[in-house]
Amino acid sequence: MNPWLNQLRGRFLVFDGPDGSGKSTQFRRFSEAATRQGIPVCEVREPGGTMVGEAIRKVLLEYQDDAHGEMDLRCEMLLFMASRAQLVAERIRPALQAGQLVLADRFISSTLAYQGAAGGIPISDILRVGQVALGQTWPDLVVVFDVDERTAAMRLNPLLDRMESKGAAYHAKVRQGYLDQAKNDPQHYLVVPSHMDADTVFADLMAKLAARFA
Ligand code: TYD
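Report follows, based on the coordinates. Computed from a predicted model, the values in this text were never measured in an experiment.

**Points about the layout of surface pockets**
Argument step 1. Computed from the structure, the second largest pocket encloses a volume of approximately 370 Å³.
Argument step 2. Taken together, 16 residues line the second largest pocket, and the ones lying closest to its centre are Leu112, Leu127, Gln181, Asp185 and Tyr189.
Argument step 3. Of all elements in the fold, only helix H4 (108–118), helix H5 (123–134) and helix H7 (168–184) reach the threshold of two or more residues within the lining of the second largest pocket.
Argument step 4. Of the residues in the lining of the second largest pocket, the class split is nine nonpolar, five polar and two charged.

Below is the structure:
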């Protein structure tokens, strides 16, 4: 039993990290643990999670048009944020109001790492757009699963989609983007090293969350 899990009712937690960090496995395990404890959990994933969002997700992950060039980075950032605005309005805000634990697989921390730290859009620009998209609904805590590029690459499927095929240098910038966010806002971020096996990472995650919420 983990009585501290009860502190998470009506709170908003994000699980995030570079591709291959294993965050989705930890997300599933944590969601199951909270559900077993009787906590109502609202799971959302990005990009997507609503009908509009799934349509945007399809554009983002499949857009490839050699004749017309790559999608502009600011267009990409705004699409991620548009999907997020819908997700907040349609799913996250109502769930929080109903006292549920909202668990998000990726959120604005992904945009700050991928389009910001790695892509080069100024962090302050992304945060300004974020203010418009999210209003008052910001995460209580962002858990960053931190993994070195080599481990991440080995975990990734060789059939990479557009976002995942950008190479090691890009991944290193994404990783640093997450670590910088955590360093600059330790109150809202938690870093969990995730190069070990899933059981070890999960035990560490639970210990760190318990220390925060107990
Ligand atoms: P996907 O395979 O759908 O999800 P995941 O890697 O979480 O299992 O890939 C989503 C990709 O989109 C991933 O490479 C990260 C990227 N992304 C951004 O670049 N910016 C964002 O704001 C979000 C939410 C995701």
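Still more to cover.
**Describing the site of the ligand**
Argument step 1. Taken together, 15 residues sit near the ligand, with Lys23, Arg57, Arg106, Thr111 and Gln115 positioned nearest.
Argument step 2. A distance of 2.5 Å separates an oxygen atom of the ligand from a polar side-chain atom of Arg57.
Argument step 3. Within the side chain of Arg84, an N or O atom sits 3.1 Å from an oxygen atom of the ligand.
Argument step 4. Considering the ligand on its own, with 550 Å² of exposed area, one finds that the protein chains cover 89% of that surface.
Argument step 5. Among the elements of the structure, helix H2 (51–62), helix H3 (73–97) and H4 are those that each provide at least two residues to the shell around the ligand.
Argument step 6. Here the shell around the ligand gets four residues from one element, more than from any other, and that element is H4.
Argument step 7. For the shell around the ligand, the residue count by class is four nonpolar, three polar and eight charged.

Procedures and definitions
- Residues numbered from 1 in each chain as written.
- Predicted model: local features only at pLDDT ≥ 70, side-chain atom pairs only at ≥ 80, totals over all residues.
- Heavy atoms only, no water.
- 1 Å grid on protein atoms, 1.4 Å probe; cavity = no way out; pocket = protein on both sides within 12 Å on 5 of 7 lines; lining within 4 Å.
- Points joined across faces, edges and corners; volume = space filled by probe spheres on them.
- Helix = DSSP H or I, 4+ residues; strand = E, 2+ residues; numbered from the N terminus.
- Nonpolar A, V, L, I, M, F, W, Y, C, P; charged D, E, K, R; others polar.
- Near = heavy atom within 4 Å.
- Polar contact = N/O pair within 3.5 Å; in protein donor to acceptor, adjacent residues only side chain to side chain.
- Areas by Shrake-Rupley, 256 points an atom, 1.4 Å probe, with all protein chains shown as cover.

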